[in-house]
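Here is what each chain is made of, one letter per residue.
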Amino acid sequence: MSYFEIPPFTDKGDPVSYGKVPSQSQGGGGKGGRNGAKAADPKVLMPTGPAADFKNARTLEDGTHVSVVTLDGKKSGFKGKVWVWAPKEYTDDPKYAKSGFPVMIALPGGPGYGTNYWWAGFRFQENMAKWYKEGKSKPFLLAMPVLNPGPDDKGIYWDGSDIPGQPKMGTWLTEDVPDLMKANFRTLTSRDGWAFMGSSTGGFAGLKAVLKHPDKFKAVIANGPDVVPDSPLWNGHEKEKAENNPEVLAKRLIDTKGPDVYLAFQVGTRESNKHTLPDVKKFMATYTQGPVHTYLNTIEGGKHDGATYAPNLGKGPIEWISEHIEGPTPSS
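Predicted model only: the values in this text are computed from it and were never measured.

1. Topic: the layout of surface pockets
Now for step 1: In this structure, the second largest pocket encloses a volume near 420 Å³.
Now for step 2: In terms of lining, the second largest pocket is formed by 18 residues, of which the most central are Pro 50, Leu 71, Asp 72, Lys 74 and Leu 180.
Now for step 3: Looking at the lining of the second largest pocket, the elements that each hand over two or more residues are strand 3 (65–72) and helix 3 (169–184).
Now for step 4: In terms of residue class, the lining of the second largest pocket is made up of 7 nonpolar, 6 polar and 5 charged.

The following block contains the structure:
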């Protein structure tokens, strides 16, 4: 009955709380909301509220929960699902009870609509917990939003961007989803606690987000990504397309001398697009200078899929970006 999720033998759909969060009536603001607790550490942003209506989607063996909420994006105008997970250190470790935690926004490849395979696939949460215990990773909070506003039919996708006349998926990923995490979790006030990870078009979206908003995000792991925008929805919008081109954005960041960003790539040697690895290597050779720092994990025999990328995250990329991401500070 538990396997088939027949109540009361399952906790799927039960409310999930990640700690005290100001209510809608209390409002938010500042470093803890008007009526929320103030953070003693200026690096810590206490939950601003209002509390989201998280429902349990999956319970891990360590007792932590992946939960889901339908987020009505106030800044993008887009409404979609976001799955979240907090490690045991966040929920159960007293020495981190007042600490802010880093956030990773994990994006899928493929359609990226209706679901996000990182919340249930590839033992991603289990591996993140394991990599933290092994000293390879910071204890990231995970946000796993849908990537596209509709099905990826006939080669249509949105490049994680605000394409004129289309749903504002760039704003959704870089404003609304971070706002959800700040409202409900103890996070870090600076960009040093914010990163992306994604596959394929999700890898492109994360790469572009960090280069476009280096004041908000510091690092990304881009798995098998394109390095230039190529959605057919850009047709007739060349100026806006250039403003979402990682090559243009990387050059601009170099010219303005920062801030520093850390771009980790994972690419298989058997990618479905034979140009992926050469394109990533060319991007790195051209733009790895000044504030742009890069890392490449070439996966021998690796294909263009999450099953290739997921286990290899722990073989260099997670550790590399974690060296540059701020973690929680335990209380003395």
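2. Comments concerning helix 4 (residues 201–212)
Now for step 1: The end-to-end C-alpha separation of helix 4 is 16 Å, in line with the 16 Å expected for 12 residues at 1.5 Å each.
Now for step 2: With 11 of 12 residues buried, helix 4 is to be regarded as a mostly interior element.
Now for step 3: Here helix 4 has its buried residues at Thr 201, Gly 202, Gly 203, Phe 204, Ala 205, Gly 206, Leu 207, Lys 208, Ala 209, Val 210 and Leu 211.

3. Brief notes about the side chain of Asn 148
Now for step 1: With respect to the helices and strands, Asn 148 occurs in the loop between strand 6 (141–145) and helix 3.
Now for step 2: A polar side-chain atom of Asn 148 sits 2.5 Å from the main-chain carbonyl oxygen of Pro 111.
Now for step 3: Those residues in contact with Asn 148 that lie beyond four places of it in its chain are Phe 78, Gly 110, Pro 111, Gly 112, Tyr 113, Tyr 157, Trp 158 and Met 169.

4. Some words on the packing of aromatic side chains
Now for step 1: Counted by the stated rule, this structure contains 17 aromatic pairs.
Now for step 2: Seen in terms of ring centroids, Trp 118 and Phe 124 are 4.9 Å apart; in terms of plane orientation they differ by 55 degrees. Their pairing is tilted.
Now for step 3: Taken together, the ring pairs in this structure connect Tyr 18, Phe 54, Tyr 90, Tyr 96, Phe 101 and Phe 185 into an aromatic cluster.
Now for step 4: Lying across the ring of Trp 194, Lys 182 places its NZ or CZ 5.5 Å from the centre.
Now for step 5: Sitting over the face of the ring of Tyr 90, Arg 186 holds its NZ or CZ atom 4.0 Å from the ring centroid.

5. Thoughts on the sheet that holds strand 3
Now for step 1: A sheet is described by the order of its strands in space; here 9 strands give the open sequence 2-3-4-6-5-8-9-10-11, paired in mixed fashion. Strand pairing shows two members of the sheet lacking a second neighbour, strand 2 (55–59) and strand 11 (292–299), which therefore form its edges. Geometrically, the sheet is characterised by an average inter-axis angle of 20 degrees between neighbouring strands, direction not taken into account.
Now for step 2: Note that strand 8 (residues 194–199) and strand 9 (residues 219–223) share 5 bridges and pair parallel.

6. As for the pairing of strand 10 (residues 261–268)
Now for step 1: The buried fraction of strand 10 amounts to 8 of the 8 residues, a majority that puts the element mostly inside the structure.
Now for step 2: Judged by which residues are buried, strand 10 turns out to be covered on both faces: Val 261, Leu 263, Phe 265 and Val 267 on one side and Tyr 262, Ala 264, Gln 266 and Gly 268 on the other are all buried.
Now for step 3: Across 5 bridges, the pairing between strand 9 and strand 10 is parallel. Residue pairing for strand 10: Val 220 is matched across the bridge by Leu 263.
Now for step 4: Two strands pair when backbone bridges link them, and strand 10 and strand 11 are joined in this way by 8 bridges, in the parallel orientation.

7. Quick word on helix 2 (residues 124–133)
For the α-helix, the turn length of 3.6 residues means that residues three or four positions removed from each other point alike.
Now for step 1: Burial within helix 2 is extensive, with 7 of its 10 residues counted as buried.
Now for step 2: Buried within helix 2 are the following residues: Phe 124, Gln 125, Glu 126, Asn 127, Met 128, Ala 129 and Trp 131.

8. Digging into the pattern of salt bridges
Now for step 1: Per the counting criterion, the structure on display carries 15 salt bridges.
Now for step 2: Note that Lys 74 is salt-bridged to Asp 72, the shortest N-O span being 3.8 Å.
Now for step 3: Here Lys 74 falls in the exposed class, since its relative accessible area comes to 71%.
Now for step 4: Using a relative accessible area of 39% as the deciding quantity, one classes Asp 72 as partly exposed.
Now for step 5: Lys 218 is the salt-bridge partner of Asp 192, the closest N and O atoms lying 3.3 Å from each other. One end of the pair, Asp 192, is in the loop between strand 7 (187–188) and strand 8; the other, Lys 218, is in the loop between helix 4 and strand 9, with 26 residues separating them in the sequence.
Now for step 6: Judged by relative accessible area, Lys 218 falls into the buried class, the value being 13%.
Now for step 7: Among the charged side chains, a salt-bridge network with shared partners connects Lys 75, Glu 175, Asp 179 and Lys 216.

9. Some points on the packing of helix 4 against helix 6 (residues 246–255)
Now for step 1: Running from amino to carboxyl end, helix 4 crosses helix 6 at an angle of 25 degrees, the nearest separation of the two axes being 9 Å. Of the possible angle classes, the one that applies to helix 4 and helix 6 is roughly parallel. Here helix 4 and helix 6 pass one another in a crossing that is left-handed. Facing Phe 204, Leu 207, Lys 208, Leu 211 and Lys 212 of helix 4, the residues of helix 6 in contact are Pro 246, Leu 249, Ala 250 and Leu 253.
Now for step 2: Here the residues of the contact of helix 4 with helix 6 sort into 7 nonpolar, no polar and 2 charged.

Definitions and cut-offs
Residue indices follow the written sequence of each chain, beginning from 1 at its first position. Reporting of local features is limited, given that this is a predicted model, to residues whose pLDDT is at least 70; pairs of side-chain atoms are given and counted only at 80 or more, and all residues count toward the totals for whole chains, interfaces and linings. Side-chain calculation: all heavy atoms of the structure are included, whereas hydrogens and water are not. Detection works on a 1 Å grid of protein atoms alone, calling trapped sets that fit a 1.4 Å probe cavities and calling open sets with protein on both sides within 12 Å along at least five of seven lines pockets, with lining residues defined by an atom within 4 Å of a point. Grid points are joined across faces, edges and corners, and a volume is the space filled by probe spheres set on the points. Runs of H or I in DSSP of at least four residues are treated as helices and runs of E of at least two as strands, each being numbered from the N terminus. In this count, Pro and Cys sit with the nonpolar residues alongside Ala, Val, Leu, Ile, Met, Phe, Trp and Tyr, while Asp, Glu, Lys and Arg are called charged and the others, Gly among them, polar. Multiply 1.5 Å by the residue count of a helix minus one, and that product is the helix's expected span. For every residue, the accessible area obtained with a 1.4 Å probe (protein chains only) is divided by the maximum for its type, and the residue is called buried under 20%, exposed over 50%, and partly exposed between those limits. Any pair of N or O atoms that falls within 3.5 Å is considered a polar contact. Within protein, one atom must be able to donate a hydrogen and the other to accept it, and sequence-neighbouring residues count only if both atoms are side-chain atoms. Note on definitions: a residue-residue contact is assigned when non-hydrogen atoms from the two residues lie within 4.5 Å. Centres within 6.5 Å make a pair out of two Phe, Tyr or Trp rings, where for Trp the six-membered ring is used; the pair is then stacked when the planes are under 30 degrees apart, edge-to-face when over 60, and tilted otherwise. Either the NZ atom of lysine or the CZ atom of arginine qualifies as a charge over a ring when it sits within 6 Å of the ring centre and within 35 degrees of the ring normal. The pairing criterion is simple: DSSP has to find at least two bridges between the two strands. Under this scheme, a helix contributes an axis fitted over its contacting stretch, all axes are lines through C-alpha atoms, and angles between N-to-C directions fall in the 0 to 180 degree range. We count a salt bridge whenever a side-chain nitrogen from Lys or Arg sits within 4 Å of a carboxyl oxygen from Asp or Glu. By the definition adopted for this analysis, an angle is roughly parallel if under 35 degrees, roughly antiparallel if over 145, roughly perpendicular if from 65 to 115, and oblique otherwise. Crossing handedness follows the turn of the near helix against the far one: under a right angle anticlockwise gives a left-handed crossing, and clockwise gives a right-handed one.

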